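Now for the letters of each chain:
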Amino acid sequence: MEKKTTVTLKNLALRLNLSVSTVSRALNNHPDISAHTIQRVKELAEKLNYVPNLFAKGFRSHRTHILGVIVPNISHLFTSTLLKGILEEAEQNGYRVIISESNNEENKQTEMLQTMMQFGADGILLSLAKKTKSIHQVLETLQRIPLVLFDKVSEKVPCTQIVINEEEAAFNAVEHLIGLGKKRIAILKETENSFNSEKRFQGYKRALKTYNIPLDLKLVQSTEDISLNNGKRLTNVLLSQKVRPDAIFAITDNAAIGAIKALHKFNVKIPEEIAVVGFSNSINSTIIQPELSTVDQPGERIGRIAAKSLIDEINHPNKELVSKTIEIKTNLIVRDSSFKAI
């Protein structure tokens, strides 16, 4: 099979006996080019399957209309909703998106930030890796191109950050459990190096303090990976205690679903003996029985606002670099794993 060659602007120009600049302007419908010439150029381009070189085009215009997106884990259900919002907003504004994942590793995140700049991305949307200890590369990237943090953020980075009301959402979830008469409320959370987990833990502690319930550290269960299996494991630890909890607040739906599975194994009545509330309103929250009460995270809206904010910064390059946090409201969805106070 004969190897196909890439058709360039120069190839088109030679075939049409035109200059490269004329061909380029014709393809972009420039008003100085006649309708006849535009038609000739576009017909040949289509015939030869000409594909514009975005990088060459970007070099000339100083724009590629590419957004880089880096997330910790692309397989998470919540991440997929974030990406849907980003992709839709980007497309509506004429941007293409390159998506990569850091696997929650700082070195991979650094590599991806450098790669996105090498690809000529006009700006980057970044959800920080959980193991991020140094923000040097993030700050360096921010000095070169617009960068917006979303979901997993850091107060040390002076940029636009899109988050949910983590602490308030957790407060409302625990307040709901207290309203049911629950007084021994456990929390399943991540270890201290997680921004989101710590914000939710603060909301948990504030709710207990507001309603004069002492903080019992035996009810605070932490793990590095807040997965379904670890939700099961941590719940088994709680059930082995001399005095069991009467409610469990998990900072993710997966951990909450793990908790429900562990409670089923030990024939614990949900929510009568132990109520359970999760966080994110994933599709799995309505598949498990009983259906899971959970905090609804509007992932698509977060993604849209993050992309919109980044595009606005790209379009206004002379704006002063400021730290701005946009907080998206959440709401608690009460289902059968807890119940409303009568």
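Scroll up a little and you will see the structure.
Heads up: these notes are all about the structure in this document. Note that the coordinates shown come from a computational prediction; the quantities given were computed from them, not determined experimentally. (Residues numbered from 1 in each chain as written. Predicted model: local features only at pLDDT ≥ 70, side-chain atom pairs only at ≥ 80, totals over all residues. Heavy atoms only, no water.)

### A closer look at the sheet that holds strand E9 (residues 275-280)
In spatial order, the strands read E7-E6-E8-E9-E10-E12; together these six strands make up an open sheet with mixed pairing. Each of the sheet's edge strands pairs with one partner strand only, and the pair in question is strand E7 (220-223) and strand E12 (331-333). Recorded for the sheet is a direction-independent mean angle of 20° between the axes of neighbouring strands. Strand direction decides the pairing type here: strand E10 (residues 293-296) and E12, joined by three bridges, are antiparallel. What sits directly across from Thr294, in E12, is Ile333. Helix H9 (residues 195-210) rests against strand E6 (185-190), E7, strand E8 (247-250) and E9 of the sheet, and its axis sits at about 165° to E6. Along the sheet face, helix H11 (residues 253-265) touches E6, E8, E9 and E10 and points at about 155° away from the line of E9. (Pairing = 2+ DSSP bridges. Helix = DSSP H or I, 4+ residues; strand = E, 2+ residues; numbered from the N terminus. Axes fitted to C-alpha atoms, helices over the stretch in contact; angles between N-to-C directions. Contact = heavy atoms within 4.5 Å.)

### Quick notes on the packing of aromatic side chains
For the coordinates displayed, the defined rule picks out two aromatic pairs. On the numbers, 5.9 Å between centres and 20° between planes, the contact of Phe201 with Tyr204 is stacked. Taken together, the residues Phe201 and Tyr204, both in helix H9 and three residues apart, mark about one turn of the helix. On the basis of relative accessibility, which here comes to 9%, the residue Phe201 falls in the buried class. Consider the rings of Phe249 and Phe279, whose centres lie 6.5 Å apart with planes at 50°: the pair is tilted. Taken as a pair, Phe249 in strand E8 and Phe279 in strand E9 lie far apart in primary sequence, 30 residues in all. (Phe/Tyr/Trp six-rings, centres within 6.5 Å; stacked < 30°, edge-to-face > 60°. Buried < 20%, exposed > 50% of the residue type's maximum accessible area, 1.4 Å probe, protein only.)

### A short note on the environment of Gly231
Considering the arrangement of structural elements, one finds Gly231 in helix H10 (residues 228-239). A relative accessible area of 0% means that Gly231 is categorised as buried. In sequence terms Gly231 and Asn254 are 23 residues apart; their C-alpha atoms lie 7.2 Å from each other. Sequence-distant contacts of Gly231, that is, excluding residues within four places in its chain, are made with Leu188, Ala255, Gly258 and Ala259.

### Description of the pattern of salt bridges
Oppositely charged side chains can form a pair if their charged atoms are brought close together. Going through the model one piece at a time under the given rule, you end up with 13 salt bridges. Residue Arg184 is joined to Asp216 by a salt bridge in which the shortest nitrogen-to-oxygen separation is 3.2 Å. In this pair, Arg184 sits in the loop between helix H8 (166-179) and E6 while Asp216 sits in the loop between H9 and E7, placing the two residues 32 residues apart along the sequence. Overall, Arg184 belongs to the partly exposed group, its relative accessible area being 23%. Asp216 sits in the partly exposed class, given a relative accessible area of 23%. One connected set of salt bridges, linked through shared partners, spans Lys84, Glu88, Glu89, Glu300 and Arg304. (Salt bridge = Lys/Arg side-chain N within 4 Å of Asp/Glu carboxyl O.)

### Some remarks on H10
Across its 12 residues, H10 extends 17 Å between first and last C-alpha, which sits within 8% of the 16 Å expected from 1.5 Å per residue. Check the buried side of H10 and you find it contacts E6, E7, E8 and H11. (Expected span 1.5 Å × (residues − 1).)

### So, the nonpolar core
Formed by 66 residues in total, the largest nonpolar core has its most connected members in Leu125, Phe150, Leu188, Tyr204 and Phe249. Here Tyr204 is in contact with Ala170, Val174, Ile185, Ala186, Ile187, Leu215, Leu219, Val220 and Phe249, once residues within four sequence places are set aside. Counting residues in each nonpolar core, the second largest holds 20 residues, with Met112, Ala121, Leu128 and Leu149 among its members. (Core = buried A, V, L, I, M, F, W, Y, C linked by side-chain atoms within 4.5 Å.)

### Focus: the pairing of E10
When E9 meets E10, the two strands line up parallel, connected through four bridges. Bridge assignment links Phe279 to a residue of E10, and that residue is Val295.

### Section: the environment of Glu327
For Glu327, the position within the fold is in strand E11 (residues 324-328). Glu327 sits 25 residues away from Ile302 along the chain, and the two C-alpha atoms are 9.1 Å apart. Excluding residues within four positions of it along the chain, Glu327 makes contact with Val163, Ile164 and Asn165.

### Things to note about the environment of Met117
Along the chain, Met117 turns up in helix H6 (residues 106-118). Take Met117: its relative accessible area is 18%, and that puts it in the buried class.

### Some words on the pairing of strand E5 (residues 160-164)
Taking burial as the measure, the five residues of E5 include five buried ones, the bulk of the element. Side-chain alternation along E5 places Thr160, Ile162 and Ile164 on one buried face and Gln161 and Val163 on a second face that is also buried.

### Points about helix H5 (residues 77-92)
Along an α-helix, residues three or four positions apart point the same way, because every turn accommodates 3.6 residues. The first and last C-alpha atoms of H5 sit 23 Å apart over 16 residues, in line with the 22 Å expected at 1.5 Å per residue. Summarising the contacts, the buried residues of H5 are in contact with strand E1 (66-71), strand E2 (96-101), strand E3 (123-126), strand E4 (147-150) and helix H12 (299-315). Of the residues trailing H5, Gly94 is marked for its positive phi of about 75°.

### Quick word on the side chain of Ser338
The topology assignment puts Ser338 in the segment after E12. Side-chain polar atoms of Ser338 contact the side chain of His176, separated by 2.7 Å. Beyond its immediate stretch of four places on either side in the chain, Ser338 contacts His176, Leu177, Leu180, Pro271, Ala275, Val276, Val277 and Ser293. (Polar contact = N/O pair within 3.5 Å; in protein donor to acceptor, adjacent residues only side chain to side chain.)

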